[in-house]
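What follows is each chain in one-letter form.
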Amino acid sequence: MTAAGQQSAVDVVGEAGRRRTFAVISHPDAGKSTLTEALALHARVISEAGAVHGKAGRRGVVSDWLAMEQARGISITSAALQFSYGDTVINMLDTPGHADFSEDTYRVLSAVDSAVMLLDAAKGLEPQTLKLFDVCRHRGIPVITFVNKWDRPGREALELCDELVERIGLQPMPLTWPVGEAGQFQGVRDCLDGTFVRYQRTAGGATAAAEERLTPDQAQAEIGADWARAAEEADLLAASGGEFDPARFIAANASPVLFGSAVLNFGVRHLLDVLVELAPRPVPRRDADGNSRALDAPFSAFVFKVQTGMDPSHRDQVAFARVCSGVFERGMVVTNATTGRPFATKYAHQVFGQQRSTLDTAYPGDVIGLVNATALRVGDTLYAGKPTVRYPGLPSFAPGFFSVARPAEVGRAKQFRKGIEQLGSEGVVQVLRSDRRGDAAPVLAAVGPMQFEVAVHRLDTEFGVPVNLESLPYTVARRLDDPVQRSIVDTGRRSEVLSRADGTDLALFTDQHALNVMLRLHPDLVVSSLVAGTD
Ligand code: G4P
């Protein structure tokens, strides 16, 4: 088979049906890297029937990438890890950690079909997880919850489940329930069949943890009080709305919950099985006109992330696109819907961390990394054949953190300006200005505060400009639709208007109360909502 057009329709739909494309959303340190490695390792152990043993066997999956990450002490850029688990092809998209944290991190979620929310058992919901969860909710992405680090002392399982309901209105539906409180982890109760899955430690968690199944009676006889308590708690939760219902998961109203320990490889197989059995597969995607494009229509994809400087020796640019329909074959010439220009895909790669492997074929759900793709922008649609297809643009986000940036040393103004422009164009932070503040002290706006740290670090290391940030007290941003009303907002003591490079005027308020007061005083003021993390 040489041309995409010759691929039979059955193949494409069948191939798409084998894909599970998801991202892990978590706060730094919750164990995402550990879980990533455990998932890939476990899948390989299963797929290659025990080919991996001991520490040496850990190499080559993702550990080279991890080693590099650890050596640098930062999370290096990565995009998508693909591996097989039995008959299923898992695409795990990275929501980068600290060093890359930008709006792109949130946009990655436009390219997934589901998400795994990873919680640290001792910490529960943390700020970055909440932000990312907001985006999932806004986009209706089904979320599976994995409570990690159960091998360590932490909070109570019921308390963690209550937190999901109370703080984010997400109904937990436990699929497993931990036996033994955090720190005394013995295994889990399988909530679907009531059996006990006993975990056994293997050296360093390097291989898939050994599991043993016991009937409830056996578990009661062997475990006693801890088993009885687990069964009681799980039943309590099931009775109060937590009974498993796949339809509620797909509707993104409720989340299957699993307990485990990534570092010991406990619960990892279960998570993979849940992804295979329950997580949504790629479905026809709606284009900008609202029409669904069939999975077996000719190739189409959209760019969800553009990364510069991934290879430090070349300062290249890689565009990441998610395939939505058809078959991608390296070398095919596609059209960029934004410019109408042809785009040659000779340099298509699968990229994960610094590892790249040439990619020859991809199906709906897969991610392709297009190297040296300087012509591509986030939100661009690529397609083959006719007619034109264009997917909806990707959201930009409502910032919630604002800081004035100034160069720490006089005489670096030019580099400062250049650096700020670059970071703004990459979406590391949004850059806001106003006549009142002048050009020399732009306001950096971020969805999450980590973006500031990344910006400061990059200005210093890449542009040689140490900067000082002075944080502003605003937390609420609205779009100001009529520029004439600018003065109303600017005269407020707890508000101000700043303009974004795309021409949007943002009205900023210290808090919701300040906005409410302003609206009461000026009922004619028109501001529009930048809801749920996106505008
Ligand atoms: P991240 O990518 O989400 O930032 O987290 P990462 O996997 O790097 O894990 C953060 C820390 O949490 C690591 O410890 C890791 O070993 C530990 N960890 C991850 N999963 C588990 C778990 O299930 N149980 C326990 N007890 N610890 C877990 P570290 O001290 O920072 O590094 P290391 O020296 O252990 O490698």
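Computed from a predicted model, the values in this text were never measured in an experiment.

(A) Just helix H12 (residues 413-426), in detail. A rise of 1.5 Å per residue sets the reference length of H12, with its 14 residues, at 20 Å; its end C-alpha atoms lie 20 Å apart and thus fit the reference within 8%. Considered for burial, the residues of H12 that qualify are Phe 416, Gly 419, Ile 420 and Leu 423. Down the axis of H12, the smallest arc covering the buried residues is 100 degrees, so these residues share one side. Residues Lys 414 and Ser 425 are exposed on H12 and point more than 90 degrees away from its buried face. Lining the buried residues of H12 we find strand S24 (401-407), strand S25 (430-433) and helix H13 (450-463).

(B) Main features of the packing of H12 against H13. Here H12 crosses H13 at 130 degrees, and the two axes come no closer than 10 Å. Here H12 lies oblique to H13, going by the angle between them. Pair H12 / H13 crosses with right-handed handedness. Counting all contacts with H12, which are made through Gln 415, Lys 418, Gly 419 and Leu 423, the residues of H13 involved are Ala 455, Arg 458, Leu 459, Glu 462 and Phe 463.

(C) Local environment of the domain arrangement of the chain. With domains assigned, the chain is organised as domain 1 (9-77 + 96-106 + 113-278), domain 2 (285-383) and domain 3 (401-528). Taken together, the elements giving at least two residues each to the side of domain 1 that touches domain 3 come down to helix H5 (103-107) and helix H6 (127-139). Of all the elements, H5 adds the most residues to the side of domain 1 that touches domain 3, at 3 residues. By residue class, the composition of the side of domain 1 that touches domain 3 is 3 nonpolar, 3 polar and 3 charged.

(D) How the structure looks around the site of the ligand. In the vicinity of the ligand lie 16 residues, with Gly 31, Lys 32, Ser 33, Thr 34 and Ser 261 positioned nearest. Element by element, the count of residues in the shell around the ligand is highest for helix H2 (residues 32-47), at 3 residues. For the shell around the ligand, the class distribution of residues is 4 nonpolar, 7 polar and 5 charged.

(E) A look at the UniProt feature "binding site: GTP" (unreviewed entry) in the chain. Residues given the UniProt feature "binding site: GTP" (unreviewed entry) here are Asp 94, Thr 95, Pro 96, Gly 97 and His 98. Structurally, Thr 95 can be placed in the loop between strand S3 (88-93) and H5. Given 23 C-beta atoms within 10 Å, Thr 95 falls into the buried group. The contacts of Thr 95, once residues within four sequence positions are left out, are Ala 23, Val 24, Ile 25, Thr 105, Val 108 and Leu 132.

(F) Up close: the confidence of the model for the chain. Of all residues in the chain, 84% attain a pLDDT of 70 or more, and the chain-wide mean is 84. For the stretch residues 1-6, pLDDT sits under 50, and the model shows 9 contacts to residues farther than four places along the chain or on other chains. Contacts for the low-pLDDT stretch residues 48-78, under 50 throughout, to residues beyond four places or in other chains number 57 contacts. Scoring of the predicted complex yields 0.81 for pTM and 0.97 for ipTM.

(G) The pairing of strand S1 (residues 19-25), seen in detail. Within S1, 7 of the 7 residues are buried, which leaves it mostly tucked inside the rest of the structure. Residues Arg 19, Thr 21, Ala 23 and Ile 25 line one face of S1 and the alternating positions Arg 20, Phe 22 and Val 24 line the opposite face, and both faces are buried. Examined bridge by bridge, S1 and S3 share 5 bridges and lie parallel to one another. The residue bridging Thr 21 from the neighbouring strand is Asn 91, located in S3. In terms of strand pairing, S1 meets strand S4 (residues 114-120) through 4 bridges, oriented parallel. Within the sheet, the bridge partner assigned to Ile 25 lies in S4 and is Met 117.

(H) Focus on the environment of Arg 330. If you trace the backbone, Arg 330 turns up in the loop between strand S16 (328-329) and strand S17 (333-336). Using a count of 15 C-beta atoms within 10 Å as the deciding quantity, one classes Arg 330 as partly exposed.

Conventions we followed
- The numbering scheme is per chain: residues are counted from 1 as the chain's sequence reads.
- Local features are withheld for residues below a pLDDT of 70 in this predicted model, meaning they are given only at 70 or higher, and side-chain atom pairs are given and counted only at 80 or more; totals for whole chains, interfaces and linings count all residues.
- Runs of E in the DSSP output that reach at least two residues are strands. Runs of H or I that reach at least four are helices, and both are numbered from the N terminus.
- What a helix should span is 1.5 Å times the count of its residues minus one.
- For the exposure call, what matters is how many other C-beta atoms sit within 10 Å of a residue's own: 20 or more marks it buried, 12 or fewer exposed, and in between partly exposed, using C-beta atoms placed from the backbone.
- The reported arc concerns the directions from the helix axis to the C-beta atoms and nothing else.
- The contact criterion used is a C-beta to C-beta distance within 7 Å, with each C-beta placed from the backbone.
- Between the N-to-C directions of two axes lies an angle of 0 to 180 degrees, each axis being a line fitted to C-alpha atoms and, for a helix, fitted only over the stretch in contact.
- Working rule for angles: under 35 degrees goes down as roughly parallel, over 145 as roughly antiparallel, 65 to 115 as roughly perpendicular, anything else as oblique.
- Note on convention: near helix rotated counterclockwise from far helix by under a right angle means a left-handed crossing. Clockwise means right-handed.
- Note that the domain bounds were set by an automatic or database domain assignment.
- Throughout, the ten residues Ala, Val, Leu, Ile, Met, Phe, Trp, Tyr, Cys and Pro are labelled nonpolar, Asp, Glu, Lys and Arg are labelled charged, and all others, Gly among them, are labelled polar.
- What makes a residue near a molecule or strand is its C-beta atom, placed from the backbone, lying within 6 Å of it.
- UniProt positions are given in the numbering used here, feature names are shortened, and annotations may be inferred rather than shown by experiment.
- The predictor attaches a confidence to each residue, called pLDDT, with possible values from 0 through 100.
- We call two strands paired when DSSP finds no fewer than two bridges between them.

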